[in-house]
Amino acid sequence: MPASPEAPLRVLFCIGVNQNFFDLPTGQGKAVWDGFTSMLAQLYGLPGVSVLGTVDDDQHMVGPSGSWPWTCYVLADVVDQPTVAAACNLFRTVQVGDHGLWRYMKIEARIGRPLPDPEPAR
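Residue positions are counted from 1 within each chain, in the order its sequence is given. With the structure being a predicted model, the display of local features is reserved for residues of pLDDT at least 70 and the display and counting of side-chain atom pairs for 80 or more, all residues being used for whole-chain, interface and lining totals. Derived side-chain values reflect all non-hydrogen atoms in the structure, with water molecules and hydrogen atoms excluded from consideration.

Participant: What exactly am I supposed to notice about a nonpolar patch on the surface here?
Facilitator: Together, Leu12, Leu52 and Leu75 make up an exposed nonpolar region whose accessible area comes to about 210 Å². Residue placement: leucine 12 occurs in strand S1 (residues 9–17). In this scheme, a residue with accessible area under 20% of its type's maximum is buried, one over 50% is exposed, and one in between is partly exposed, where area comes from a 1.4 Å probe on protein chains only. Leucine 12 gets classed as partly exposed once you look at its relative accessible area, which sits at 30%. Each patch is assembled from residues with relative accessible area greater than 30% and no salt bridge, linking like charges that lie within 9 Å and nonpolar side chains (Val, Leu, Ile, Met, Phe, Trp, Tyr) that lie within 5 Å. The method behind every accessible area is Shrake-Rupley, applied with a 1.4 Å probe, and residues are considered shielded solely by the protein chains displayed. Salt bridge criterion: a side-chain nitrogen from Lys or Arg within 4 Å of a carboxyl oxygen from Asp or Glu. Working definition: helices are DSSP H or I runs of at least four residues, strands are E runs of at least two. Numbering for both runs from the N terminus.

Printed below as a string of structure tokens:
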């Protein structure tokens, strides 16, 4: 079933941790965590973004994740593609010390539409 023109995009933001994070001396990762939580707050606050849920797999995955399986995911309804791009751009604009968050983490967005709700069982 095609989405209506005014339906939001269903977006899965896939987030990975880069090797640069793991190269930090022990105890210096907190600045990256602080940058990440700042990015999340800004993502939640972007007009046209409605976060539906998150998944964080850092307890079962240790080490860099440059592609699937990702370290964490954010599922959201987003008003349009420019807003998806603005969300991804947060990794460039959020600072961690002298660097952008993208030095330590990466993001990719998968854009689609929701599956139809299943018919109730009879």
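Participant: How should I be thinking about the pattern of salt bridges in this particular structure?
Facilitator: Oppositely charged side chains are able to pair whenever their charged atoms sit close together. Scanning the entire structure with this criterion turns up 4 salt bridges. Note that lysine 106 is salt-bridged to glutamate 108, the shortest N-O span being 3.6 Å. Lysine 106 gets classed as partly exposed once you look at its relative accessible area, which sits at 26%. Two residues, glutamate 108 and arginine 110, come together in a salt bridge whose shortest N-O distance is 2.7 Å. By relative accessible area, which is 25% here, glutamate 108 ends up partly exposed. One network of salt bridges, with partners in common, ties together Lys106, Glu108 and Arg110.

Participant: What am I meant to see in the nonpolar core here?
Facilitator: The nonpolar side chains of a soluble globular protein tend to be buried with one another. We call a set of buried residues a nonpolar core when its members are Ala, Val, Leu, Ile, Met, Phe, Trp, Tyr or Cys and they connect through side-chain atoms within 4.5 Å of each other. One finds Phe13, Ile15, Met39, Leu43, Leu101 and Met105 to be the most contacted residues of the largest nonpolar core, which totals 25 residues. For this core, the elements supplying multiple residues, two or more each, are S1, helix H2 (30–45), strand S3 (72–78), helix H3 (81–93) and strand S6 (105–112). Examining the composition of this core, we find that 5 residues originate from one element, H3, more than from any other. Any two residues whose heavy atoms approach within 4.5 Å at even a single point are treated as in contact. Beyond its immediate sequence surroundings of up to four residues, leucine 101 is in contact with Val32, Gly35, Phe36, Met39, Phe91, Val94 and Val96.

Participant: Sorry if this is basic, but what is going on with the side chain of threonine 83 here?
Facilitator: Relative to the elements of secondary structure, threonine 83 occurs in helix H3. For threonine 83, a relative accessible area of 12% translates into the label buried. Counted as a polar contact is a pair of N or O atoms within 3.5 Å, where, for protein atoms, one must be capable of donating a hydrogen and the other of accepting one, and residues adjacent in sequence contribute only when both atoms are in side chains. At 2.6 Å, the side chain of threonine 83 forms a polar contact with the side chain of aspartate 80. In contact with threonine 83, not counting residues within four places along its chain, are Leu46, Pro47, Val49 and Val78.

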